[in-house]
Amino acid sequence: MNQNNKLQAQKPRFSVAITTPQYQNLIHNTLKDPKRANRFIAAVSSAVAVNPQLQECDAGTILSAALLGESLNLQPSPQLGQYYMVPFKSKAKYDRQGNLIDPECTKAQFILGYKGYIQMALRSGEYADLDVIDIKEGEYLGKDKFTGKPQFSFIEDDDYRESLPTVGYMAYFEYLNGFRKVIYWSKDKIISHADQFSQAFSASAYTKLQNNEIPEKDMWKFSSFWYKDFDTMAKKTLLRQLISKWGIMSTEMVTAMESDGNCIIKDDSGNFIPDVHEQALSPELPPAEPEHEDNGNSDLPSDEPQKYLTPESPKHINLDELDEI
């Protein structure tokens, strides 16, 4: 057995690792409450069990991503869509002498779902309403000629509306003080944005996929959420644009945004931090667009400073015990 295979063999699958005393002690010491710990173990085990690809991931990266989600009070169930643990291939790492220090393996990334954005924003207590919806053909009426704000006329027949093609997406929020912000992006703009910023997406490949031009033998290449669930990723992108530029952000939301699309690791102090080197290898979500013009869509000046709330920060998780496995 070569060195690479030996190192891989030392790491148990998650279904085995989660039952070991090291993992059990770490979870119970972190969460403190036995009932919460048992619920967490059941929820994460269930999320992993229904995803064969996730089962192949390094168990430590699954647990660290799940503990981050738990610290943010988000659930790992794919059906809830609050956050996901997404497998990706991590390249082998070598020291300066060429010795293998970390073999190629599959790791789990923490991916925040758009429903997670909504959950944390509403939890801050600053928002009266917040949502993102798809816009169907005929509903977008253009911009107000005086304010530049997008205008819509929604179709009331839900069945008929669902039968129409989606032409764009609209995200909005309203503060408790009455301030509102609405942004609209066409579907073409979303596709262009993803094509430019996400290495996991290609606009030309997406068009071929929509036209059923991809051979069955090549379908495995289209495992990105952008291909599997474009609608969800589009909504998430627009919410990220809206909240990061004009929204009030709690410290837990800042933590979630910084960790989004990353493999979660521990620093020298044993604290949760995103592994930016791994993120560069497999980005799933494009960043907020680096633009500053307001386009007339805001009720506040374009240089309005970003506001942050300061509730108690999410608890840092000490992962030192994982080194024993």
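Up top you'll find the structure we're talking about.
Residues numbered from 1 in each chain as written. Predicted model: local features only at pLDDT ≥ 70, side-chain atom pairs only at ≥ 80, totals over all residues. Heavy atoms only, no water.

### Some details on the pattern of salt bridges
For step 1, the next point in the chain: In this structure the tally under the stated criterion is 13 salt bridges.
For step 2, the next point in the chain: Across the pair lysine 136 and aspartate 134 runs a salt bridge whose closest N-O atoms are separated by 3.7 Å.
For step 3, the next point in the chain: Here lysine 136 falls in the buried class, since its relative accessible area comes to 5%.
For step 4, the next point in the chain: Residue classification places aspartate 134 among the buried residues on the basis of a relative accessible area of 13%.
For step 5, the next point in the chain: Among the ionic pairs, lysine 217 bridges to aspartate 218, the shortest N-O distance being 3.5 Å.
For step 6, the next point in the chain: According to the relative accessible area criterion, lysine 217 is exposed, its value standing at 64%.
For step 7, the next point in the chain: Each of Asp134, Lys136, Glu139 and Arg161 takes part in a single network of salt bridges with overlapping partners. (Salt bridge = Lys/Arg side-chain N within 4 Å of Asp/Glu carboxyl O. Buried < 20%, exposed > 50% of the residue type's maximum accessible area, 1.4 Å probe, protein only.)

### Here we look at the sheet that holds strand β9 (residues 180-186)
For step 1, the next point in the chain: With antiparallel pairing, the 3 strands of this open sheet are ordered in space as β5-β8-β9. With one partner strand each, in any of the chains shown, β5 (127-136) and β9 form the two edges of the open sheet. This sheet shows a mean twist of 10 degrees between the axes of neighbouring strands, independent of strand direction.
For step 2, the next point in the chain: Pairing of strand β8 (residues 166-175) with β9, which is carried by 7 bridges, proceeds in the antiparallel orientation. Residue tyrosine 172 lies in a different strand from β9, and its bridge partner there is valine 182. (Pairing = 2+ DSSP bridges. Helix = DSSP H or I, 4+ residues; strand = E, 2+ residues; numbered from the N terminus. Axes fitted to C-alpha atoms, helices over the stretch in contact; angles between N-to-C directions.)

### Brief notes about unusual backbone geometry
For step 1, the next point in the chain: In this structure, lysine 32 takes a positive phi of about 70 degrees despite not being glycine.
For step 2, the next point in the chain: Topologically, lysine 32 is positioned in the loop between α3 (21-31) and α4 (34-49).

### Focus on the packing of helix α7 (residues 114-123) against helix α12 (residues 230-246)
For step 1, the next point in the chain: Running from amino to carboxyl end, α7 crosses α12 at an angle of 35 degrees, the nearest separation of the two axes being 8 Å. Note on element contacts: α12 touches α7 through Thr232, Lys235, Lys236, Leu239, Arg240 and Ile243, opposite Tyr114, Tyr117 and Ile118.
For step 2, the next point in the chain: Its residues assigned to classes, the contact of α7 with α12 shows 5 nonpolar, 1 polar and 3 charged. (Contact = heavy atoms within 4.5 Å. Nonpolar A, V, L, I, M, F, W, Y, C, P; charged D, E, K, R; others polar.)

### Let's talk about the packing of aromatic side chains
For step 1, the next point in the chain: Summed over the entire model, instances satisfying the criterion amount to 18 aromatic pairs.
For step 2, the next point in the chain: Taking the centre distance of 4.1 Å and the plane angle of 20 degrees together, the rings of tyrosine 140 and tyrosine 184 count as stacked. In this pair, tyrosine 140 sits in strand β6 (residues 140-143) while tyrosine 184 sits in strand β9, placing the two residues 44 residues apart along the sequence.
For step 3, the next point in the chain: Centroid distance phenylalanine 152 to tyrosine 184: 5.7 Å. Interplanar angle 65 degrees. Geometry classified as edge-to-face. With phenylalanine 152 in strand β7 (residues 150-152) and tyrosine 184 in strand β9, this residue pair connects regions lying 32 residues apart in the sequence.
For step 4, the next point in the chain: Cluster of aromatic residues (ring-pair linked, three or more members): Phe201, Tyr206, Phe222, Trp226, Tyr227 and Phe230.
For step 5, the next point in the chain: Sitting above the plane of the phenylalanine 225 ring, lysine 228 keeps its charged end 5.0 Å from the centroid. (Phe/Tyr/Trp six-rings, centres within 6.5 Å; stacked < 30°, edge-to-face > 60°. Lys NZ or Arg CZ within 6 Å of the ring centre and 35° of its normal.)

### Remarks on the environment of glycine 81
For step 1, the next point in the chain: Tracing the chain through its elements places glycine 81 in the loop between α6 (59-71) and β1 (83-90).
For step 2, the next point in the chain: On the basis of relative accessible area, glycine 81 is assigned to the buried category, the value being 6%.
For step 3, the next point in the chain: In this structure the C-alpha to C-alpha distance between glycine 81 and lysine 115, which are 34 residues apart in sequence, comes to 5.8 Å.
For step 4, the next point in the chain: Apart from residues no more than four positions distant in its own chain, glycine 81 is found in contact with Gly113, Tyr114, Lys115 and Gly116.

### Considering the packing of α3 against α6
For step 1, the next point in the chain: At a closest axis distance of 12 Å, the pairing of α3 and α6 adopts a crossing angle of 15 degrees. With respect to α6, the axis of α3 lies roughly parallel. You can see that α3 and α6 cross each other, and the crossing is right-handed. Facing Tyr23, Leu26, Ile27 and Leu31 of α3, the residues of α6 in contact are Ala59, Gly60, Leu63, Leu67 and Glu70.
For step 2, the next point in the chain: Among the residues forming the contact of α3 with α6, the class breakdown is 7 nonpolar, 1 polar and 1 charged. (Parallel < 35°, antiparallel > 145°, perpendicular 65-115°, else oblique. Left-handed = near helix turned anticlockwise from the far one by under 90°.)

### Concerning the nonpolar core
For step 1, the next point in the chain: Within the largest apolar cluster, 75 residues are counted, with the highest numbers of intra-cluster contacts made by Phe40, Ile62, Met85, Phe201, Phe230, Leu239 and Ile243.
For step 2, the next point in the chain: No other element matches the 8 residues that α12 contributes to this core.
For step 3, the next point in the chain: With sequence-adjacent residues up to four places away left out, methionine 85 is seen in contact with Val44, Ala47, Leu54, Ile62, Ala65, Ala66, Pro76, Ala108 and Gln109. (Core = buried A, V, L, I, M, F, W, Y, C linked by side-chain atoms within 4.5 Å.)

### Regarding the pairing of β6
For step 1, the next point in the chain: Of the strand pairs in this sheet, β6 and β7 are connected by 3 bridges, and their pairing is antiparallel. Each residue of the ladder has a partner; that of tyrosine 140, found in β7, is phenylalanine 152.
For step 2, the next point in the chain: Where β6 folds back onto β7 in an antiparallel hairpin, the turn is made up of 6 residues, including glycine 148, whose phi is positive at roughly 80 degrees.

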